[in-house]
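A look at the structure
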Amino acid sequence: MATKGTDYECSECGRRTPQWSGRCPDCGEWNSLEEVVPEEDEPRTTREPDDVEACTLQQVSWDRRPRMSTGTGEFDRVLGGGLLRGSTILLGGEPGVGKSTIVLQSLGQMAGERKCLYMACEESLPQVKLRARRLDVEDSSLVVSGETDLEAICHLLEREDPDVVVVDSVQMVSAEGIDSLPGSLKQLRTCGGELIRRAKKRGTALILVGHATKQGAIAGPRALEHLVDAVLYFESENFQALRVLRAVKNRFGPANEVGVFEMASGGLEEVLNPSEFFLSEREAASAGSAVTSTVEGSRALLLETQALVVPGAYGTPERRVTGADRRRVSMLLAVLQRRAGLDLLDCDVFVNVAGGVSVQEPGADLALALAIASGFQDRPFAPEMVAVGEVGLGGEVRGVGRMEERMKEAQRLGFERVMMPAGVRVDGDDMDLDLTRVKTLDQALAAAGGS
Ligand code: TYD
Ligand code: MG
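Okay, so let's go over this structure. Going along each chain's sequence as written, the residues are numbered from 1 onward. By the order in which they are written, chains take letters starting at A while ligands take numbers starting at 1. Note on the predicted model: pLDDT of at least 70 is required for a residue's local features to be given, and 80 or more for side-chain atom pairs to be given and counted; whole-chain, interface and lining totals, by contrast, use all residues. Side-chain numbers come from the whole structure's heavy atoms, not from hydrogens or water.

Another point: the overall build of the chain. Helix and strand definitions here come from DSSP, where helices need a minimum of 4 consecutive H or I residues and strands a minimum of 2 consecutive E residues; each element is numbered from the N-terminal end. When helices and strands are counted, the chain shows 10 helices and 23 strands. When the backbone C-alpha atoms are referred to their principal axes, the chain occupies close to 75 × 60 × 55 Å. Using a 1.4 Å probe on the protein chains alone, a residue whose accessible area is under 20% of its type maximum counts as buried, one over 50% counts as exposed, and one in between counts as partly exposed. Residues classed as buried in the chain amount to 48% of the 451 residues present. Methods summary: accessible areas were calculated by the Shrake-Rupley approach with a probe of 1.4 Å, and residue burial reflects only the protein chains presented. A total accessible area of about 22900 Å² is found for the chain, and carbon and sulfur atoms account for 47% of it. Here the chain contributes 51 positively and 70 negatively charged side chains, and the mean placements of these two sets differ by 2 Å. Only four residue types enter the charge count: Lys and Arg as positive, Asp and Glu as negative, with His and the chain ends excluded. All charge positions are set by atom: Lys at NZ, Arg at CZ, Asp at CG, Glu at CD.

Structure follows, in structure tokens:
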């Protein structure tokens, strides 16, 4: 029987409820609710009113701190131009995606110029050495340690005084005196919180590696998201060689910035020209394909959207979406049905963004809609065209931002035509592109051309 004031907290996602149940109402985990007794709020009376500091913004001094290059351009880009002293970063991703690889590779390269500490909490030191050999950084002066105890890591921080420290992974670290397993919310909060606090105080750059679940959330370590300066997420679609590092939060750089890598035998290699990479396997004049120009962080990327539309066999039609938002695609299907008269209701629809990357911005709507229409009609649209625009519920094609950058990328990759919303003003004088402006999805389908 719960006493007054008792709460239950999910050890997986941190959700609090006043009532116990066998399954967490938020994350669905079984048997994860634990009783927590609210801490007594002790009134703090140690501060005198005059002893509280505040000043005007003008008076705040700020030294422009230089960023430290990780030695990998794409990693630097996602960080906002390199690692900042005293900044704290959470690096999440599914097991095997390459988190340990990217941090070891970067630390190995940095260790020549900076003092770096790698806490290998999951692997033995010989294993780390073996990996370092594959990555060609085995001879570096990187300091490595297999300690997993919070106190030990704190001692090492004091003794080694590194510029950069990586804890791989934070779920393995535990603090003595907390009767909870490593990786539990309690341990994470305590250990992660303490490491972040110390790193900030010392001006050390700290990267906490955390495992994510299949659902894509950084499961336990999510509790640390609001404490860190940046949350980077390493993604890969079906474990193809392609890896995308995405900044989902960044206090010191653009959010949503992406870095693109390829996993090779000697570690992660940067993909310097991602648009080219994503379009490399495109069959130009095929039905069910449309190219869009999307902006991710500070750059434009060309991506091919694909759709296969076939008559449904029986029962509920199949709808499968890879690399795009499923709800967005459902909406586009409904709009195509109602506003453009395509009878998609009984069709099985498969949508895919080629190359294993995902698009999350509405600027890709128009291309997705065109790909579905082209797939439905089984006729290829103009192959040299890039389509950009958000599609509204009325079938109208709406404006999106940063059109010039998208157009430049299209031109750079040799496209001749851009289909775009009628209402967007662009300064494209210096571009040799044929612009097809459309107001509605109907117009877009009519103008998409092709044979
Ligand atoms: P890893 O970096 O250990 O992933 P994480 O720390 O996110 O769990 O492993 C990445 C995968 O990449 C692993 O399955 C082995 C593979 N790999 C390569 O293909 N080439 C390499 O050079 C290395 C080091 C790993
Ligand atoms: Mg690892």
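This part takes up the packing of aromatic side chains. Pairs were defined over the aromatic rings of Phe, Tyr and Trp, the Trp ring being its six-membered one, requiring ring centres within 6.5 Å. Orientation was assigned from the angle between planes: stacked under 30 degrees, edge-to-face over 60, tilted for the rest. On inspection of all chains with the given rule, the structure shows two aromatic pairs. Pairing phenylalanine 234 with phenylalanine 261 gives two aromatic rings, centres 6.0 Å apart and planes at 80 degrees, and the pair type is edge-to-face. Pair noted here: phenylalanine 234 is in strand E11 (residues 230-235) and phenylalanine 261 is in strand E13 (residues 258-264), with a separation of 27 residues, a long-range link. Here the two residues phenylalanine 234 and phenylalanine 261 agree in accessibility, since each one is buried. Ring geometry for phenylalanine 277 and phenylalanine 278: centres 6.0 Å apart, planes at 80 degrees, overall edge-to-face. Overall, phenylalanine 278 belongs to the buried group, its relative accessible area being 4%.

Another aspect to go through is the site of ligand 1. Here a residue counts as near a molecule or strand whenever at least one of its heavy atoms sits within 4 Å of it. Taken together, 16 residues surround ligand 1, and among them Gly96, Lys99, Ser100, Thr101 and Gly267 come closest. One of the side-chain N or O atoms of arginine 131 is found 2.9 Å from an oxygen atom in ligand 1. Polar contacts, as counted here, are pairs of nitrogen or oxygen atoms within 3.5 Å of one another; within protein the pair requires one atom able to donate a hydrogen and one able to accept it, and residues that are adjacent in sequence qualify only if both atoms are side-chain atoms. Within the side chain of arginine 134, one N or O atom sits 3.1 Å away from a nitrogen atom of ligand 1. For ligand 1, whose free accessible area comes to 560 Å², the fraction covered by protein is 76%.

Looking now at the pairing of strand E18 (residues 347-353). On a regular strand, each side chain points to the face opposite its neighbour's, so the side chains alternate between the two faces of the sheet. In terms of burial, E18 is largely enclosed, as five of its seven residues are buried. When DSSP finds two or more bridges between a pair of strands, those strands are recorded as paired. Summarising the sheet, strand E16 (residues 299-311) and E18 pair through seven bridges and their orientation is antiparallel. Its bridge partner being in E18, threonine 305 is matched across the sheet by valine 353. Here strand E17 (residues 319-322) runs beside E18; their pairing, made up of four bridges, is parallel. Of the residues in E18, the one forming a bridge with arginine 320 is phenylalanine 350. A right-handed crossover is one whose linking path, passing over the helix from the first strand to the second, runs clockwise when the strands point away from the viewer. In the classification by handedness, the crossover that spans E17, the intervening helix H7 (residues 326-339) and the parallel E18 is left-handed.

Right, let's get into empty space enclosed by the protein. Put plainly, a pocket is an open set of points on a 1 Å grid over the protein atoms alone with protein on both sides within 12 Å along at least five of seven lines, a cavity is a set where a 1.4 Å probe fits but cannot get out, and a lining residue has an atom within 4 Å of a point. Grid points are joined across faces, edges and corners, and a volume is the space filled by probe spheres set on the points. Tallied over the entire structure, the rule returns four cavities of 30 Å³ or more. Around the largest cavity sit Arg282, Ala284, Ser286, Ser289, Ala290, Val291, Leu370, Phe381, Ala382, Pro383, Met385 and Ala387, which together line it. At the level of secondary structure, the elements contributing two or more residues to the lining of the largest cavity comprise strand E15 (289-296) and strand E19 (385-387). When residues of the lining of the largest cavity are assigned to their parent elements, the largest contribution, three residues, is made by E15. Under the scheme applied, nonpolar residues are Ala, Val, Leu, Ile, Met, Phe, Trp, Tyr, Cys and Pro; charged residues are Asp, Glu, Lys and Arg; polar residues are all the others, including Gly. Tallied by class, residues from the lining of the largest cavity come to nine nonpolar, two polar and one charged. Taken as a whole, the second largest cavity encloses approximately 60 Å³ of empty space. In this structure, the second largest cavity is lined by Arg67, Val78, Leu79, Gly82, Leu84, Ser87, Ile89, Asp229, Ala230, Leu232, Asn250 and Phe252. Broken down by secondary-structure element, the contributors of at least two residues to the lining of the second largest cavity are helix H1 (73-79) and E11. Split by residue class, the lining of the second largest cavity holds seven nonpolar, three polar and two charged.

Before going further, it helps to spend a moment on the packing of helix H2 (residues 99-110) against helix H3 (residues 125-134). As a rule, the C-alpha atoms of each element are fitted with a line to give its axis, helices using only the stretch in contact, and angles between N-to-C directions run from 0 to 180 degrees. At a closest axis distance of 10 Å, the pairing of H2 and H3 adopts a crossing angle of 75 degrees. Classified by the interaxial angle, the pair formed by H2 and H3 is roughly perpendicular. Where H2 approaches H3, its residues Ser100, Thr101 and Leu104 are matched on the opposing element by Val128, Arg131 and Ala132. Considered class by class, the residues forming the contact of H2 with H3 number three nonpolar, two polar and one charged. Angles are sorted into four bins: roughly parallel if under 35 degrees, roughly antiparallel if over 145, roughly perpendicular if 65 to 115, and oblique for all others. In what follows, a contact means two residues having at least one pair of non-hydrogen atoms within 4.5 Å.

With that settled, the discussion passes to the sheet that holds strand E8 (residues 143-145). In space, the nine strands of this open sheet follow the order E8-E7-E9-E10-E6-E11-E12-E13-E14, with mixed pairing throughout. Looking along the sheet, the strands with just one partner apiece sit at the ends: E8 and strand E14 (267-270). Shown here is a sheet whose adjacent strand axes are inclined to one another by a mean of 25 degrees, direction ignored. Of the strands in this sheet, strand E6 (88-93), strand E7 (116-120), strand E9 (164-168), strand E10 (205-211), E11, strand E12 (242-250), E13 and E14 are in contact with H2, which crosses E7 at around 155 degrees.

Taken in spatial order, the three strands of this open sheet run E2-E1-E3, and their pairing is antiparallel. Two strands lie at the open edges of the sheet, namely strand E2 (16-17) and strand E3 (33-36), each paired on one side alone. Looking at chain direction, strand E1 (residues 7-10) and E2 are connected through two bridges and run antiparallel. Within the sheet, the bridge partner assigned to glutamate 9 lies in E2 and is arginine 16.

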